[in-house]
Amino acid sequence: MLVLGIETSCDETAAAVVEDGTKILSNVVATSSEMHAKTGGIIPEQAARQQIKSIIPVIEQSFSDAFNIKSPTTNYQLLTTKIDAIAVTIGPGLIGSLLVGVETAKTLSYLWKKPIIPVNHLAAHVYANWLEQKSKVKSQRSNVPQFPALALVVSGGHTDLVLMKGHGKLTWIGGTRDDAAGEAFDKTARLLGLPYPGGPAISKEADKFFGQLSINNHQVLKMFPRPMIDENNFDWSFSGLKTSVFRKVNGKRLKVKERQKFSAEIQEAIVDVLVKKTLKAVNKFKPKSLFLSGGVAANKRLKEKFENRIKTEILQVIFHVPPAKLCTDNAAYIASYANFNYKPVDWRKIKANPQLTIVGED
Ligand code: KG4
Ligand code: ZN
């Protein structure tokens, strides 16, 4: 089955064509993040306006990439007959941005007479673990995802831990009580004078800090607190980190080396609590697979720490992390989700829902 995925929940406008939920034929992402870098964060109205400009060119590009067409407009009508369904993010996200994708997808569903599947952006993030790159042959896939699974979704607005008994069978077991992990990266980066989005910026600075250390000189980084790390639950709290960084920076202009050290300390504080609480859940629920997903899953240190701890604690779980560019927002996992959770809905009944949670309530 060929699914066209459409994603416009925040500042990315994305469209992708995916075959059978796993094979990416095209994956186009236009982002307005450079515009938001100038203001240090997203301005919803500007993000929505940019969505309107990008949506049609991005969908056209996804068709021409998928079917190797040089001039998509001439063969457009013909190309639309090749896809079997349309999948679209309905929430959570910014209402102005969501509406652009939802209304476009509904119109295309009506015009092309294709089934349309509403997609929960958070639950869909996990499906980046089902996708394989175009260049990979099947036999090179090391680990096929297996249920029951535990999924950690760490994005800019959400941090959730869910058990998956199967496709669409999700139970929420924990999450953040305040800021999301990505938000903690973004806000503390701003305090350090680093650009938006903060996660990749902090990670780059932290790499420079680690680069200064000799391999045998791994310092224990403990400048910032790890709230709730030993509590008997699967929850997190990240808002205190922001306050703690604010106090330590204290309005100073940081020197280059200081900023690198702060970045490494912040990254370590976030990674430590994410790994500890998630592996505690692995020990309790004994899932076959552990999935990382969401923009923060692109963090190298997070992946490394999970891998190390799983190895040293000899945990019997298959660890999956998508390649970095599939972790951050794109439409390939939206299409993949729809393939494995194929529930078409009459286009008239589809509505954007900015408050949707990972288990589908608001
Ligand atoms: O999933 P995503 O692309 O968008 C949302 O659905 O929110 O996640 C974006 C978040 C941002 O907070 C960004 O700073 C963070 O993911 N992020 C990272 C990295 N790349 C993106 N955080 C840490 N390390 C990274 N390499
Ligand atoms: Zn996302």
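Our structure is the block above this text.
Here is a short report on the structure shown in this document. Note that the structure is a prediction, hence the values are computed from the model and not measured.

Criteria and thresholds
- Residues numbered from 1 in each chain as written.
- Chains lettered and ligands numbered in written order.
- Predicted model: local features only at pLDDT ≥ 70, side-chain atom pairs only at ≥ 80, totals over all residues.
- Heavy atoms only, no water.
- Buried < 20%, exposed > 50% of the residue type's maximum accessible area, 1.4 Å probe, protein only.
- Helix = DSSP H or I, 4+ residues; strand = E, 2+ residues; numbered from the N terminus.
- Pairing = 2+ DSSP bridges.
- Donors = N, O, S within 2.8 Å, 3.2 Å for Na, K, Ca; no water.
- Phe/Tyr/Trp six-rings, centres within 6.5 Å; stacked < 30°, edge-to-face > 60°.

### Regarding the pairing of strand β2 (residues 12-19)
The side chains of a regular strand alternate, first on one face of the sheet and then on the other.
Move 1: Of all eight residues that make up β2, seven are buried, and the element is covered over most of its length.
Move 2: In this sheet, β2 lies alongside strand β1 (residues 2-7) in antiparallel orientation, the contact comprising six bridges. Residue Leu-2 lies in a different strand from β2, and its bridge partner there is Glu-19.
Move 3: Connecting β1 to the antiparallel partner β2 that follows it, the hairpin turn spans four residues.
Move 4: Judged from the eight bridges that link them, β2 and strand β3 (residues 23-31) form a sheet pairing that is antiparallel. Of the residues in β3, the one forming a bridge with Val-18 is Ile-24.
Move 5: Where β2 folds back onto β3 in an antiparallel hairpin, the turn is made up of three residues, including Asp-20, whose phi is positive at roughly 50°.

### Re the coordination of the zinc ion (ligand 2)
Move 1: All of the protein donors around the zinc ion (ligand 2) are His-121 (NE2), His-125 (NE2) and Asp-329 (OD); their distances to the metal are 2.0 to 2.1 Å.
Move 2: Written as a sequence motif, the donor residues of the zinc ion (ligand 2) are H-x3-H-x203-D. Here Asp-329 lies in the loop between α11 (324-327) and α12 (332-340) and His-125 lies in helix α5 (residues 121-125), a separation of 204 residues in the sequence.
Move 3: By relative accessible area, which is 0% here, His-125 ends up buried.

### So, the packing of aromatic side chains
Move 1: Counting across every chain of the model gives 13 aromatic pairs.
Move 2: Their ring planes at 85° and their centres at 5.4 Å tell us that Tyr-127 and Tyr-337 sit as a pair that is edge-to-face. With Tyr-127 in the loop between α5 and β6 (149-154) and Tyr-337 in helix α12, this residue pair connects regions lying 210 residues apart in the sequence.
Move 3: Under the relative-accessibility criterion, Tyr-127 is labelled buried at 1%.
Move 4: In this structure Tyr-337 comes out as buried when scored by relative accessible area, which is 14%.

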